[in-house]
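As a plain string of letters, each chain reads:
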Amino acid sequence: MILVTGAAGFVGASLMRALAGAEIPTRAYQGRINDPYGLREQLGGVEAVIHLAGAESRGRPRALNHVDVDGAARLLEEARAAGVQRLLVLSRLGADANSLYPLLRAKGEAEDLVRQGRLPYTIVRTTSLFGRRDRYFNHIAGLASWSRPFLWLPGGGFAPAQPLWVEDAVRCLLLALERDDLVGKTISLGGDERVRYEVLARTVAASAGVTAAIPLRMPLLLVRLLSGPLFGWWPRPPVTRFWLDRFSAPDITELDSVRYHFGFRPASWRRHIAYLRRPGLRWQLLGRGAPG
């Protein structure tokens, strides 16, 4: 039996479909991740935990500490007591407990807890993931929709990106769960193509049916200062402080990382962005930001 935290989220939804397709007994965790009673009840009979739960989408550092850090500590405590035999954790590239950026700092603190948690673990770090419910390409499309004909290019648009398709990330998680040689390891995964952010943004905007021809090259500090007044009131803003952090810290890893660890070539991001063409997406993004 596998317990999945964050099963209703972007990665979790894809993972649950894959587990069901493989006919693997799975339980989706229900409730707050730092609730000891809920964890105790739902960890009964569980052999492995795939930990995806996080508070990045909320955009608040306090939530990161509450969910990502405190939640990881509570999960580890209860998983040990329940006799869980394996813990698989999805993290972010650049996770570092000493990072200046709240998201990467919280992820780093959670990783440190896992390493010290006396449970067999594997930590899988990824570059930014894309897919139908992402907060990456949808954010880019939403920002292009809001600002057209201008195309916002934080930091000038020169930052390299190495997006990884969520379905490939899920495939790696399932393979990692079967690999005893990855116990106690932290591995990094990304797509097998690097691209400048400007090229990525233009392609994503065009796929969403948005014409954004005039580049607006803006210093990252200026974008940070403007994002709050311009987008802070949106339910799901196209620009958040955590989204901007990807321009401040490297979001790239070895180009052959997936092939090296798992023996297959990840999908091209250009071939899997048809979800941006779905009817009504442009107006949805313009009015409400990226989907959850």
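Right above here is the structure, for reference.
First, a word on what this report is: a plain description of the structure on this page. Keep in mind that what you see is a predicted model, and the values were worked out from it rather than measured.

Cut-offs applied
Residues numbered from 1 in each chain as written. Predicted model: local features only at pLDDT ≥ 70, side-chain atom pairs only at ≥ 80, totals over all residues. Heavy atoms only, no water. Helix = DSSP H or I, 4+ residues; strand = E, 2+ residues; numbered from the N terminus. Rg over C-alpha atoms; globule rule 2.2 N^0.38 Å. Buried < 20%, exposed > 50% of the residue type's maximum accessible area, 1.4 Å probe, protein only. Pairing = 2+ DSSP bridges. Right-handed = clockwise from strand over helix to strand, strands pointing away. Contact = heavy atoms within 4.5 Å. Expected span 1.5 Å × (residues − 1). Bend = angle between axes of the 7 residues up to and from the residue. Phe/Tyr/Trp six-rings, centres within 6.5 Å; stacked < 30°, edge-to-face > 60°. Core = buried A, V, L, I, M, F, W, Y, C linked by side-chain atoms within 4.5 Å. Axes fitted to C-alpha atoms, helices over the stretch in contact; angles between N-to-C directions. Parallel < 35°, antiparallel > 145°, perpendicular 65-115°, else oblique. Nonpolar A, V, L, I, M, F, W, Y, C, P; charged D, E, K, R; others polar.

Regarding its fold elements, the chain presents 11 helices and 12 strands. The C-alpha atoms of the chain give 19 Å as radius of gyration, which agrees with the globular expectation for 292 residues (19 Å, within 12%). Its C-alpha atoms give the chain principal-axis dimensions of roughly 55 × 40 × 35 Å. Out of the 292 residues belonging to the chain, those deemed buried represent 54%.

Another aspect to go through is the pairing of strand 5 (residues 121–126). Judged by how many residues are buried, strand 5 sits mostly within the fold: six of six residues are covered. In strand 5, alternate side chains face the same way, and those of Tyr 121, Ile 123 and Arg 125 on one face and Thr 122, Val 124 and Thr 126 on the other are all buried. Summarising the sheet, strand 4 (residues 86–92) and strand 5 pair through six bridges and their orientation is parallel. Residue Val 89 lies in a different strand from strand 5, and its bridge partner there is Ile 123. On the question of chirality, the crossover connecting strand 4 to the parallel strand 5 by way of helix 4 (residues 102–115) is right-handed. Alignment of strand 5 against strand 10 (residues 185–189), held across five bridges, turns out to be parallel. Directly across from Ile 123, in strand 10, lies its bridge partner Thr 186.

Here the focus is the side chain of Thr 5. You can see Thr 5 is positioned in strand 1 (residues 2–5). Classification of Thr 5 by relative accessible area gives buried; the value is 0%. Not counting chain neighbours up to four residues away, the residues in contact with Thr 5 comprise Tyr 29, Ile 33, Val 49, Ile 50, His 51, Leu 52, Ala 53 and Leu 75.

This part takes up helix 3 (residues 61–82). For helix 3, with 22 residues, the first-to-last C-alpha span of 30 Å sits near the 32 Å given by 1.5 Å per residue. Approximately 35° is the largest bend angle found in helix 3, and it occurs at Gly 71. Every buried residue of helix 3 is accounted for by Ala 63, Leu 64, Val 67, Asp 68, Val 69, Gly 71, Ala 72, Leu 75, Leu 76, Glu 78 and Ala 79. Buried residues in helix 3 make contact with strand 1, helix 2 (36–42), strand 3 (48–51), strand 4, helix 4 and helix 9 (241–245).

Given two aromatic rings, their pairing is described by the distance between the two centres and the angle made by the two planes. In the structure shown here, the tally under the stated rule is five aromatic pairs. On the numbers, 5.0 Å between centres and 20° between planes, the contact of Phe 130 with Phe 137 is stacked. Relative accessible area serves as the criterion here: at 0%, Phe 130 is assigned to the buried category. Of the residues examined, Phe 137 reaches a relative accessible area of 0% and is grouped as buried. Considering the side-chain rings of Tyr 197 and Phe 247, the 4.8 Å spacing of their centres and the 85° angle between planes classify their relative orientation as edge-to-face. Here Phe 247 lies in the loop between helix 9 and helix 10 (257–262) and Tyr 197 lies in helix 7 (residues 197–207), a separation of 50 residues in the sequence. Assigned by exposure class, Tyr 197 and Phe 247 land together as buried.

Moving on to the nonpolar core. Core analysis: the largest hydrophobic core is formed by 32 residues, its most contacted members being Tyr 136, Phe 137, Ile 140, Tyr 197, Leu 200, Trp 243 and Leu 276. Of all the elements in the fold, those that place two or more residues in this core are helix 5 (137–147), strand 7 (150–154), helix 7, helix 8 (220–231) and helix 9. Apart from the residues within four sequence positions on either side, Leu 200 is in contact with Tyr 136, Phe 137, Ile 140, Ala 161, Pro 163, Val 195 and Trp 269. In terms of nonpolar packing, the next biggest core, distinct from the first, is built from 29 residues, Ala 48, Leu 90, Cys 172 and Leu 182 among them.

In the contact formed by helix 5 and helix 7, the axes pass within 9 Å of each other and the chain directions differ by 75°. Judged by the inter-axis angle, helix 5 sits roughly perpendicular to helix 7. Together, Phe 137, Ile 140, Ala 141 and Ala 144 of helix 5 and Tyr 197, Leu 200, Ala 201, Val 204 and Ala 205 of helix 7 make up the contact between the two elements. Residue composition of the contact of helix 5 with helix 7, by class: nine nonpolar, no polar and no charged.

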